Amino acid sequence: MSKIGFIGLGIMGRPMAGHLLDAGHEVVTVKRGTLEESLASRGLRELDSPAAVAAEAAVIITMVPDTPDVEEVLFGEGGVIEGLTPGTLVIDMSSIAPIATQDFARRIHEAGGEYVDAPVSGGEGGAINAALTIMVGGTEAGVERARPILEVMGKTITHIGGHGAGQICKVANQIVVALTIEAVAEGLLFASKAGADVARVRESLLGGLAQSKILDVHGARMIERTFDPGFKIKLHQKDLNLALEGARSLGLALPGTANAQQLFQACAAHGGADWDHAGILRALETLADHEVGQA
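All values derive from a computational prediction rather than experimental measurement.

**Quick word on the overall build of the chain**
Along its length, the chain carries 14 helices and nine strands. In terms of C-alpha radius of gyration, the chain reaches 20 Å, essentially the compact-globule figure of 19 Å for 295 residues. When the backbone C-alpha atoms are referred to their principal axes, the chain occupies close to 65 × 50 × 35 Å. Relative to all contacts within the chain whose residues are 6 or more apart in sequence, the contacts with residues 24 or more apart total 64%. When the accessible surface of the chain is summed, it comes to about 13,000 Å², and 54% of that surface belongs to carbon and sulfur atoms.

**Comments concerning the nonpolar core**
With 29 residues, the main nonpolar core has I61, M93 and L150 as its most contacted residues. Listed by contribution, the elements that provide at least two residues to this core are strand 1 (3-7), helix 1 (13-22), strand 4 (59-62), strand 5 (89-92), strand 8 (132-137) and helix 8 (140-153). Not counting residues within four places of it along the chain, the set of residues in contact with M93 comprises M16, I61, T62, M63, A118, P119, V120, I134, L150 and M153. In this structure, A57, A97, A100 and F104 belong to the second largest nonpolar core, which totals 27 residues.

**What about the side chain of T257?**
For T257, the location among the structural elements is in helix 13 (residues 255-269). In contact with T257, not counting residues within four places along its chain, are I175, L179, L240, A243 and L244.

**Re the packing of aromatic side chains**
For any pair of aromatic rings, the description rests on two quantities: the centre-to-centre distance and the angle between the ring planes. Using the criterion set out here, one finds one aromatic pair in the structure. Ring geometry for F75 against F104: centres 5.6 Å apart, planes inclined by 50°, an arrangement best described as tilted. Taken together, the residues span a long stretch of sequence, with F75 in helix 4 (residues 67-75) and F104 in helix 6 (residues 98-110) at a distance of 29 residues. Across this residue pair, the class does not change: F75 and F104 are buried.

**Re helix 8**
Compared with an ideal rise of 1.5 Å per residue, which puts 14 residues at 20 Å, helix 8 spans 20 Å between its outermost C-alpha atoms and is within 8% of the ideal. Looking only at helix 8, the buried set comprises G142, V143, A146, I149, L150 and M153.

**Observations regarding the packing of helix 9 (residues 165-193) against helix 14 (residues 280-288)**
When two helices pack together, their arrangement is given by the angle between the helix axes and by the axis-to-axis distance. Viewed as axis vectors pointing N to C, helix 9 and helix 14 meet at an angle of 40°, and their least axial separation amounts to 9 Å. If you check the angle between helix 9 and helix 14, you find them oblique. Of the two possible hands of crossing, helix 9 and helix 14 adopt the one that is right-handed. The segment helix 9 lies against helix 14, with I181, E182, A185, E186, L189 and K193 engaging I280, L281, L284, E285 and A288.

Rules used throughout
Residues numbered from 1 in each chain as written. Predicted model: local features only at pLDDT ≥ 70, side-chain atom pairs only at ≥ 80, totals over all residues. Heavy atoms only, no water. Helix = DSSP H or I, 4+ residues; strand = E, 2+ residues; numbered from the N terminus. Rg over C-alpha atoms; globule rule 2.2 N^0.38 Å. Contact = heavy atoms within 4.5 Å. Areas by Shrake-Rupley, 256 points an atom, 1.4 Å probe, with all protein chains shown as cover. Core = buried A, V, L, I, M, F, W, Y, C linked by side-chain atoms within 4.5 Å. Buried < 20%, exposed > 50% of the residue type's maximum accessible area, 1.4 Å probe, protein only. Phe/Tyr/Trp six-rings, centres within 6.5 Å; stacked < 30°, edge-to-face > 60°. Expected span 1.5 Å × (residues − 1). Axes fitted to C-alpha atoms, helices over the stretch in contact; angles between N-to-C directions. Parallel < 35°, antiparallel > 145°, perpendicular 65-115°, else oblique. Left-handed = near helix turned anticlockwise from the far one by under 90°.

Right under this line is the structure:
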């Protein structure tokens, strides 16, 4: 069993840290307000800074919102780098910029550590059920060190390539997810406006070529109008920004991605930045002047 520092106990991080505790690992984190009782009762301890966490732990996991947040945790004042000991394994499970990831890996390696990027897909449900898909970038040695820990939190662990490759895969994932959520929303909106029972339409589609996890989970959210976040629109906007910025640097056109980003922005403009990303439906409903499920 390892002593693991887990920094970032948000919607995803809380259950992920819980699985590590249940597997017998000793887990420490950075003090941030009130510690959730279910984690405290299972032995999670709080320390004053990322540096203090790094000084105690053989493995550091970061699960924070964006590239600047990872940089601050790792290299800011009181950051991980200040407490890093030779051989420490740093696993970043956030979804951040691939180029920055390569720079972070270089800096950690120069300080004597090992760096692995391991962003995830599967949402809150995947985190709760330890069924995440984990996309991994790093050296063979680093990934093999990380694998037993990742297997506690995820079901599918794939070594994509070198540093940053995991993040490249995650950006691709977020493109596919955004466009599929938009497609589900458009299909259900069409069916509803045309007068069909959208619940039965979804049930039928789940048995055909249109079947997908997104139609299953997010289609249900749209019909039931439950837009409390599993994954917030503002975080998906951040991921699509990474996709569009990368596309510009590569000379690529990603018109579907740009359109999905505009629909997310329309949601944010109407106070929906913290809605679940299935809330993209609401932007389309505004354009159609029709709410799914209405007669």
